[in-house]
Amino acid sequence: MKKNKSISRAKYGYLFILPFFVTYFIFSLIPLLDTIRYSFFEYYRSGLRIVGPNFVGFDNYINVMGKDFFTYMGNTFVLWILGFVPQIVIALLLASWFVDVRLKIRCEQFFKVVIYLPNLIMASAFAMLFFTLFSTSGPVNNILMSLGLVKGPIDFMGTPVGTRLLVALMNFLMWFGNTTIMLMAAIMGISPDIFEAASIDGCTPRQSFFHITLPLIRPILTYTLITSLIGGLQMFDVPQILTNGQGNPNRTSYTLIMWLNNLLRAPDYGRAGALSVYLFIVSGILCLFVYKMVNGDDDAKAAKKAAKRARKAQKEAK
């Protein structure tokens, strides 16, 4: 008897994913490798004269790693934290409220659409809107003066605190809706039987939230933290437009990507490449730290359980 040959259709799967890999190779991998290569070269424009590329080793990395790097990195983290902390708190509260059947919130779909709408607005338009609203002659100052709350216009963008809070407020408004939708999907993935059992056992809503909801949505929280951290390190458009690319006052809102953009406009490809590599390394280290901080206990418990099972198996074998 002849054996029937099995038909493999795996080639069609490879064919379908081929466009992604081709696109990634051309538009992402090659530029990434080129950036790393140029980081070891002196390559810039001086007037009409182009200098380089001349191999200089790690000189670009040494030149970039100075006071400006740590100052701008500090600015970037401050702006990210000011926007992310209220974002994750408000998103968790809204997500838990929207999925709680006991609250019976009316027009739930309408509120979901409303909180997600700011995410659809371009950052440049959002920054221009806030620049107009909070200028010294803008509507916010006019309303405050008409109500008698202030005697004169407040220069919101004339102080470091005011500018940073405006940038943080914009980032919060743009992204808290997206974070809320993601956390809602995570909470809805939890079996209702768990909450019912907890309620029967006398568990309060607060205890259910901290001891059931938060531990079970930890993977999505980790994803949200990591993606937000990467986005925060790449913060550019909002402070760039709001401060006209200067990061004023006193460059307290000047981020790492704004510095990278100026290096590319100069252009100084060698130092820009070195700064890009530093950003990649910092992002990788921080993402690993966040992952270990959020999931480290689970990994340790799993390792201990595996070790116990191994020792038990060895004893039984003896």
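Residues numbered from 1 in each chain as written. Predicted model: local features only at pLDDT ≥ 70, side-chain atom pairs only at ≥ 80, totals over all residues. Heavy atoms only, no water.

K.L.:
Sorry if this is basic, but what is going on with the overall build of the protein here?
P.N.:
Regarding its fold elements, the protein presents 13 helices and two strands. For a compact globule of 318 residues, the expected C-alpha radius of gyration is about 20 Å, and the protein comes in at 26 Å, more than 25% above that figure. Dimensions along the principal axes, computed over C-alpha positions, put the protein at roughly 75 × 65 × 45 Å. Residues counted as buried form 34% of the 318 residues belonging to the protein. Considering only residue pairs separated by 6 or more positions, the protein has 65% of its internal contacts joining residues 24 or more positions apart. Total accessible area computed for the protein in this model is approximately 20,500 Å², and 66% of it derives from carbon and sulfur atoms. Placing the 30 positive and 16 negative side-chain charges of the protein at their respective mean positions leaves the two points 8 Å apart. (Helix = DSSP H or I, 4+ residues; strand = E, 2+ residues; numbered from the N terminus. Rg over C-alpha atoms; globule rule 2.2 N^0.38 Å. Buried < 20%, exposed > 50% of the residue type's maximum accessible area, 1.4 Å probe, protein only. Contact = heavy atoms within 4.5 Å. Areas by Shrake-Rupley, 256 points an atom, 1.4 Å probe, with all protein chains shown as cover. Lys, Arg positive; Asp, Glu negative; His and termini not counted. Charge placed at Lys NZ, Arg CZ, Asp CG, Glu CD.)

K.L.:
Help me understand the packing of aromatic side chains in this model?
P.N.:
Working definition: an aromatic ring pair is given by the centre-to-centre distance plus the angle between the planes. Inspection of the entire model under this criterion finds 20 aromatic pairs. Residues Phe58 and Tyr61 carry aromatic rings whose centres are separated by 5.8 Å and whose planes lie at 50 degrees to one another, so their mutual orientation is tilted. Since its relative accessible area comes to 9%, Tyr61 is described here as buried. Taken together, the aromatic side chains of Phe40, Phe58, Tyr61, Phe69, Phe70 and Tyr278 make up a single cluster linked through ring pairs. Between the NZ or CZ atom of Arg37 and the centre of the ring of Tyr38, over which it lies, the distance is 4.5 Å. (Phe/Tyr/Trp six-rings, centres within 6.5 Å; stacked < 30°, edge-to-face > 60°. Lys NZ or Arg CZ within 6 Å of the ring centre and 35° of its normal.)

K.L.:
Just to check I follow, could you spell out the layout of surface pockets for this structure?
P.N.:
If a probe the size of a water molecule is rolled over the atoms, the empty space left behind becomes visible. Approximately 720 Å³ is the volume attributed to the largest pocket. Residue assignment for the lining of the largest pocket shows that the elements contributing at least two residues are helix H3 (67-99), helix H7 (160-188), helix H8 (192-200) and helix H9 (205-216). (1 Å grid on protein atoms, 1.4 Å probe; cavity = no way out; pocket = protein on both sides within 12 Å on 5 of 7 lines; lining within 4 Å. Points joined across faces, edges and corners; volume = space filled by probe spheres on them.)

K.L.:
Got a minute to help me understand the environment of Gln234 in this structure?
P.N.:
Among the structural elements, Gln234 can be located in the loop between helix H10 (218-233) and helix H11 (237-242). Of the residues examined, Gln234 reaches a relative accessible area of 52% and is grouped as exposed. Gln234 sits 16 residues away from Asn250 along the chain, and the two C-alpha atoms are 21 Å apart.

K.L.:
I keep staring at the nonpolar core and nothing clicks. Help me out?
P.N.:
Taken as a class, soluble globular proteins show a tendency for nonpolar side chains to be buried jointly. Ranked by internal contacts, the top residues of the largest apolar core, which has 39 residues, are Leu92, Leu166, Met170, Leu183 and Ile217. In terms of residue count, the dominant contributor to this core is H7 (10 residues). Ignoring anything within four residues of it in the chain, the contact list for Met170 reads Phe126, Ala127, Phe130, Val238 and Leu242. Membership of the second largest hydrophobic core comes to 20 residues, among which are Tyr61, Leu256, Leu260 and Ala272. (Core = buried A, V, L, I, M, F, W, Y, C linked by side-chain atoms within 4.5 Å.)

K.L.:
Where do I start with the environment of Ile181 in this structure?
P.N.:
Along the polypeptide, Ile181 turns up in helix H7. Counting along the chain gives 106 residues from Ile181 to Asn75, while the straight-line C-alpha distance between them is 29 Å.

K.L.:
I tried to follow the pattern of salt bridges on my own but got confused; where do I start?
P.N.:
Pairs can form between side chains of opposite charge whenever their charged atoms are close. By the definition in use, this model includes two salt bridges. Linking Arg37 and Asp34 is a salt bridge whose minimum nitrogen-to-oxygen distance equals 2.8 Å. With a gap of three residues between them, Arg37 and Asp34 both fall in helix H1 (residues 10-38), about one helical turn apart. You can call Arg37 partly exposed: its relative accessible area is 40%. By relative accessible area, Asp34 is classed as partly exposed at 28%. As a salt-bridge pair, Asp268 and Arg271 come within 3.8 Å of each other at their nearest N and O atoms. (Salt bridge = Lys/Arg side-chain N within 4 Å of Asp/Glu carboxyl O.)

K.L.:
Would you mind showing me how to read the packing of H3 against H10 here?
P.N.:
When two helices pack together, you describe them by how their axes are tilted relative to each other and by the distance separating the axes. Packing of H3 against H10 leaves a shortest axis separation of 10 Å and a crossing angle of 150 degrees. One finds that H3 runs roughly antiparallel with respect to H10. The chirality of how H3 crosses H10 is right-handed. For the pair H3 and H10, the contacting residues are Thr76, Phe77, Trp80, Phe84, Ile88 and Leu92 in the first and Leu221, Thr224, Leu225, Ser228, Leu229, Gly232 and Leu233 in the second. (Axes fitted to C-alpha atoms, helices over the stretch in contact; angles between N-to-C directions. Parallel < 35°, antiparallel > 145°, perpendicular 65-115°, else oblique. Left-handed = near helix turned anticlockwise from the far one by under 90°.)

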